[in-house]
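# What the coordinates show
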Amino acid sequence: HILEKVVEELEELYLSMGYDVVEGPEVEKDLYNFEMLNLPKGHPARDAQDTFYIKGDEILLRSQTSPVQVRTMLANEEKTGIRIICPGKTYRRDYDDATHSHQFTQMEGLVVDKEISLSDLKGTLDIMAKKLFGEHVETRFRSSFYPFTEPSVEFDVSCFKCNKKGCNVCKETGWITIGGAGIVHPNVL
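What this report covers is the structure whose coordinates are included nearby.

What counts as what
- Residues numbered from 1 in each chain as written.
- Predicted model: local features only at pLDDT ≥ 70, side-chain atom pairs only at ≥ 80, totals over all residues.
- Heavy atoms only, no water.
- Pairing = 2+ DSSP bridges.
- Helix = DSSP H or I, 4+ residues; strand = E, 2+ residues; numbered from the N terminus.
- Polar contact = N/O pair within 3.5 Å; in protein donor to acceptor, adjacent residues only side chain to side chain.
- Contact = heavy atoms within 4.5 Å.
- Buried < 20%, exposed > 50% of the residue type's maximum accessible area, 1.4 Å probe, protein only.
- Lys, Arg positive; Asp, Glu negative; His and termini not counted.
- Salt bridge = Lys/Arg side-chain N within 4 Å of Asp/Glu carboxyl O.
- Axes fitted to C-alpha atoms, helices over the stretch in contact; angles between N-to-C directions.
- Parallel < 35°, antiparallel > 145°, perpendicular 65-115°, else oblique.
- Left-handed = near helix turned anticlockwise from the far one by under 90°.
- Nonpolar A, V, L, I, M, F, W, Y, C, P; charged D, E, K, R; others polar.
- Phe/Tyr/Trp six-rings, centres within 6.5 Å; stacked < 30°, edge-to-face > 60°.
- Expected span 1.5 Å × (residues − 1).
- Arc of directions from axis to C-beta.

Right, let's talk about the pairing of strand 7 (residues 139–146) for a bit. Judged from the seven bridges that link them, strand 7 and strand 8 (residues 149–158) form a sheet pairing that is antiparallel. Residue pairing in the sheet places arginine 142 in a bridge with glutamate 154 of strand 8. Taken together, strand 7 and the strand that follows it, strand 8, pair antiparallel across an intervening segment of two residues.

See the structure below:
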């Protein structure tokens, strides 16, 4: 399947850069999916209109692969450096359309170590984008907000269809957002 092929290609790339591939449960506790990621009670992402709760408001289908990061950091009792990617299925109460799905594949990474900066993140994501879309692709960061990162950024690639001229694929902007990123928030660490 095309998604499996993309995941495998990205796993190979990240493994070549020294990352480990870590997976976690798709049925998750609120504690790991929201609470420990700095998303307080009452945050819109925790609303039953957005999240598939299974048992009360404590057990759910994970809405992101970020709980794998939390579990990895908690298991790192030696407090050594961490360099992982977390591929997997995620679930959200979205209406399926051209840009949304109730179940989708997500891959995220986590690096925790000394001397790591936003420029390391940008360089890593630039390498990934060129692997996925070709050497010609341009990348950019735009300021954003996520409760679990500080600073937070949106990660964009130049539109593969119009080459930044503007079209229906990029909504006339020349850019396509492919993810969010940032430095792990101190509260999450």
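We now examine the side chain of threonine 149. Along the polypeptide, threonine 149 turns up in strand 8. Separated by 2.5 Å, the side chains of threonine 149 and serine 152 make a polar contact. Threonine 149 has contacts with Ala181, Gly182, Ile183, Val184 and His185, leaving out every residue within four places of it along the chain.

Further remarks concern the side chain of glutamate 108. Secondary-structure assignment places glutamate 108 in strand 6 (residues 103–112). In this structure, glutamate 108 is buried with no salt-bridge partner, the nearest side chain bearing the opposite charge being arginine 92 at 7.4 Å. Reaching out from glutamate 108, the side chain makes a polar contact with the side chain of threonine 65 at a distance of 2.7 Å. Of the polar contacts made by the side chain of glutamate 108, one reaches the side chain of glutamine 69; its length is 2.3 Å. Non-local contacts of glutamate 108, meaning those with residues more than four positions away in its chain, are made with Thr65, Ser66, Gln69, Ile84, Ile85 and Cys86.

It is at 11 Å that the axes of helix 1 (residues 2–16) and helix 4 (residues 118–133) come closest, and there the two elements cross at 140°. Considering their axes alone, helix 1 and helix 4 lie oblique with respect to each other. Crossing hand, helix 1 versus helix 4: right-handed. Seen from helix 1, the contacting residues are Val6, Glu9, Leu10, Leu13 and Tyr14; seen from helix 4, they are Thr124, Leu125, Ile127, Met128, Lys131 and Leu132. Here the contact of helix 1 with helix 4 is composed, by residue class, of eight nonpolar, one polar and two charged.

Looking now at the sheet that holds strand 3 (residues 53–55). Here three strands make up an open sheet; going across it, the order is 2-4-3 and the pairing antiparallel. Since the sheet does not close on itself, it has two edges, and those belong to strand 2 (27–29) and strand 3, each with one partner. Taking each pair of neighbouring strands and ignoring which way they run, the sheet shows an average axis angle of 40°.

This paragraph deals with the sheet that holds strand 5 (residues 82–91). Spatially, three strands are ordered 1-5-6 in an open sheet, and the strand pairing comes out mixed. Looking at which strands have only one partner, the edges of the open sheet turn out to be strand 1 (20–21) and strand 6. Pairing between strand 1 and strand 5: two bridges, direction parallel. Bridged to aspartate 20 within strand 5 is isoleucine 84.

Attention now goes to the pairing of strand 8. Both faces of the sheet carry side chains from a regular strand, because those side chains alternate between them. Most of strand 8 sits out of view: eight of its 10 residues are buried. Where strand 8 and strand 9 (residues 175–184) come together, eight bridges link them in antiparallel fashion. Note on strand 9: the bridge partner recorded for glutamate 154 is glycine 180.

For the structure shown, the criterion picks out three aromatic pairs. With a centroid separation of 4.9 Å and 80° between ring planes, the pair formed by tyrosine 14 and tyrosine 19 is classed as edge-to-face. Judged by relative accessible area, which is 6%, tyrosine 14 ranks as buried. Relative to phenylalanine 148, the ring of tyrosine 146 lies with its centre 5.8 Å away and its plane at 20°, an arrangement referred to as stacked. Exposure remark for phenylalanine 148: the relative accessible area of 21% places this residue in the partly exposed category.

Over its 16 residues, helix 4 extends 22 Å from the first C-alpha to the last, a length consistent with the 22 Å expected when each residue adds 1.5 Å. Here helix 4 has its buried residues at Thr124, Leu125, Met128 and Ala129. Relative to the axis of helix 4, the buried residues are bounded by an arc of 140° and lie together on one face. Along its buried surface, helix 4 packs onto helix 1, strand 7, strand 8 and strand 9.

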